[in-house]
Amino acid sequence: MENSSESPAEPKKGKAKAPRKQKESSLKQKSPAEFFAENKNIAGFDNPGKCLYTTVRELVENSLDSAESISELPVVEVTIEEIGKSKFNSMIGLVDRERVDAALYDDYESAKAREKRLAKEARAQEIYAKNASLGKKVKEHQPSKGMKGRGEASFYRVTCKDNGRGMQHDDIPDMFGRVLSGTKYGLRQTRGKFGLGAKMALIWSKMSTGLPIDISSSMKGQNYTSFCRLDIDIHRNIPHIHVHEKRDDKERWHGAEIQVVIEGNWTTYRSKILHYMRQMAVITPYAQFLFKFVSDVPDKNVTIRFARRTDVMPPVPLETKHHPSSVDLLLIKRLITETSKQNLLQFLQHEFVNIGKPYAERLIGEMGPDFDPKMAVKSLTSQQIVRIHQLFRQAKFDDPSGDCLSPAGEYNLRLGIIKELHPDMVATYSGSAQVFEGHPFIVEAGVSVGGKDVKQGLNIFRFANRIPLLFEQGADVVTRTALKRINWNSYKINQTQDKIGVFVSIVSTKIPFKGTGKEYIGDDITEIASAVKSAIQQCCIQLKAKIVKKMQAREQQERKRNLSRYIPDATNAIYDVLKETAQLHKTKKKRFEDEDAELLGKVSARLITKETLIEKLSQHVEQVDYEMALEYATQSGVSEEPRESTFLQSLEAEDYSIDLHNPSFVFRLFC
């Protein structure tokens, strides 16, 4: 009998499965250089034309900052050299090659397409000739060019040379080859903030041409010039140095010269670059600019010199401390990490503005029993830091002063406007320091009427921290204020017919740009919007007084002209009456006595002639005109001429002169 109990199933023989490999993590990390290379529009490098414009802008602003940091009157030379395809290929060691398969290229035009294009041009030419024969004004037809390929890039060598501070020899590689490294960090008014400028030009050069950047630099007192040729390792965000050496500086030059080759588009951005240079000359009349565009085609060459008109420079902006109402949790933690102060009381006093010792003690007392003035600041817990932040947001603090700011000044703004626009009249105004979100700001404005190369209507010029803003004008607070919030007619200014220039410059330790391009200031900050409106209105009030005086003078001249027009006729009529009366008196047909007889006797003796009457009537017109003008002024009210403040600079030991500042002039007294 078979055993009915079932035996356990034996495992199947076969290959044992290998353990499954753990899936590799998909988490990746990018360097700052790689991020900005992929998102270059954030720094204003949207397209080849904008890249050329932004490169010029960044290099010029770096040059101005460098010269102003040592109180040197800036001299900036900018050259854009057009590089042809053959020359560019030779620069990178590439041999020119003729096309073999023409149909492979996107600018290839087939015989059928060419025939169609030529037929279209012939029809357009025929229509043009027909309209011209009928005497109609028509625009001359331009024959269309053949297909243009995407690969027809244009390359330019951009060179910017200045007389600024220069750079330390060992710092040059990191200053140009490491993104987000720079000397402009800290709370102060600066033209740049993120350490991008010239580095983005280098990244764009690497992306579009593959060529390195050349830097020459020398500092005051050095007997050598530092020369560095480098590019950037995008993935590791470190400089890749080709050459870094010291060379003899026989000329004892100081400053920096940057040379970079990039892809660009001069044709479409020519006007923007020239407008930028012109507006920079307006806001910095103490600088001298030389701009050159060099091409193999002589007709395309451009040379413009913007001469210096004054040697009065704004003071160097000062670094300031944070206002308590403007800090966040991360910033408080960073300040605690970096502070050299030991206890909480010292930390509050020395790391923030407008917190004195008595107020710091009151704040610590308000924080609660867990806080003590002498407690170690670095021992604060996260909860205690949150409590400090909450109190900072709720407590009342004095507004920060504007002493750390460096506006252009009314004198420089007025001089720049007069120098570049040659207006018929101009008014300027500089407001006092105001505050938004704990950051001080100053608004300066200028309004001009008339001028050279100025279009009819409103011409708006915007500046932020003394940088011209040329793009995205429609959404800017200055544009919206000038167009919608100023009643120009009430100031005797015709918004559509007159040539009006509106200049507004805003300086601050934090410019509230909208968007990533830093090209316009939003209209949503009430403090800035009201300050801009007030500054423009103050300029308009000054202009109205000038315009009214001009109108009065014109009316006076018109009145005088109308009276003078009747002098000859009135003289003839009066003289004829006098002659006839004198004849009657002489023949005794009618007798006159005393003064009348004496007058008629002078007429008979020709002591009184027509010329005498003309002279007397002209004098009478002058007198009447003067009396009428005086009566008009009395009735309308005569106001005193506006008084303008004059500021006296502090006299320091190393100064040999004192500047007396006035919106219209600067009087320099040498000691």
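Residues numbered from 1 in each chain as written. Predicted model: local features only at pLDDT ≥ 70, side-chain atom pairs only at ≥ 80, totals over all residues. Heavy atoms only, no water.

1. Some points on the overall build of the protein chain
So, step 1. Looking only at helices and strands, one finds 17 helices and 17 strands in the protein chain.
So, step 2. Looking at the protein chain as a whole, 42% of its 671 residues qualify as buried.
So, step 3. A total of about 39,900 Å² of accessible surface is found on the protein chain, and carbon and sulfur atoms cover 50% of it. (Helix = DSSP H or I, 4+ residues; strand = E, 2+ residues; numbered from the N terminus. Buried < 20%, exposed > 50% of the residue type's maximum accessible area, 1.4 Å probe, protein only. Areas by Shrake-Rupley, 256 points an atom, 1.4 Å probe, with all protein chains shown as cover.)

2. Some points on the packing of aromatic side chains
The relative placement of two aromatic rings is captured by the distance of their centres and the angle of their planes.
So, step 1. Throughout the structure, instances matching the rule amount to 14 aromatic pairs.
So, step 2. Considering the side-chain rings of F347 and F352, the 5.6 Å spacing of their centres and the 90° angle between planes classify their relative orientation as edge-to-face. Residue F347 shares its accessibility class with F352, and that shared class is buried.
So, step 3. Among the aromatic residues, those joined into a ring-pair cluster are F347, F352, Y359, F392 and F397.
So, step 4. Cation over ring: K50 sits above F471, and NZ or CZ is 4.5 Å from the ring centre.
So, step 5. Across the ring face of Y224, the terminal group of K246 is positioned such that the distance to the ring centre comes to 4.6 Å. (Phe/Tyr/Trp six-rings, centres within 6.5 Å; stacked < 30°, edge-to-face > 60°. Lys NZ or Arg CZ within 6 Å of the ring centre and 35° of its normal.)

3. Focus on unusual backbone geometry
Residues apart from glycine generally show negative phi values, whereas peptide bonds are mostly found in trans.
So, step 1. Within the chain, R252 stands out as a residue other than glycine whose phi angle is a positive 55°.
So, step 2. The class for R252 is exposed, based on a relative accessible area of 55%.
So, step 3. The backbone of N465 shows a phi angle near 50°, a positive value even though the residue is not glycine.
So, step 4. Note on placement: N465 falls in the loop between strand 12 (457-464) and strand 13 (467-469).

4. Focus on helix 11 (residues 382-394)
So, step 1. Over its 13 residues, helix 11 extends 19 Å from the first C-alpha to the last, a length consistent with the 18 Å expected when each residue adds 1.5 Å.
So, step 2. Restricting attention to buried positions, one finds in helix 11 the residues Q384, I385, I388, H389, L391 and F392. For helix 11, the buried positions fall inside an angular range of 165° around the axis, keeping them on one side. Seen from the open side of helix 11, the exposed residues pointing more than 90 degrees away from its buried face are Q383, R393 and Q394.
So, step 3. Looking at the buried side of helix 11, the elements it contacts are helix 8 (329-338), helix 9 (344-351) and helix 10 (357-367). (Expected span 1.5 Å × (residues − 1). Arc of directions from axis to C-beta. Contact = heavy atoms within 4.5 Å.)

5. Re the sheet that holds strand 8 (residues 302-306)
So, step 1. The strand order across the open sheet built from 8 strands is 5-4-3-6-2-1-7-8, with neighbouring strands paired in mixed fashion. The open sheet is flanked by strand 5 (238-248) and strand 8, the only strands paired with a single partner. Averaged over all pairs of adjacent strands, the angle between their axes in this sheet comes to 15°, without regard to strand direction.
So, step 2. With 5 bridges connecting them, strand 7 (residues 288-294) and strand 8 associate as antiparallel partners. Within the sheet, the bridge partner assigned to F289 lies in strand 8 and is F306. (Pairing = 2+ DSSP bridges. Axes fitted to C-alpha atoms, helices over the stretch in contact; angles between N-to-C directions.)

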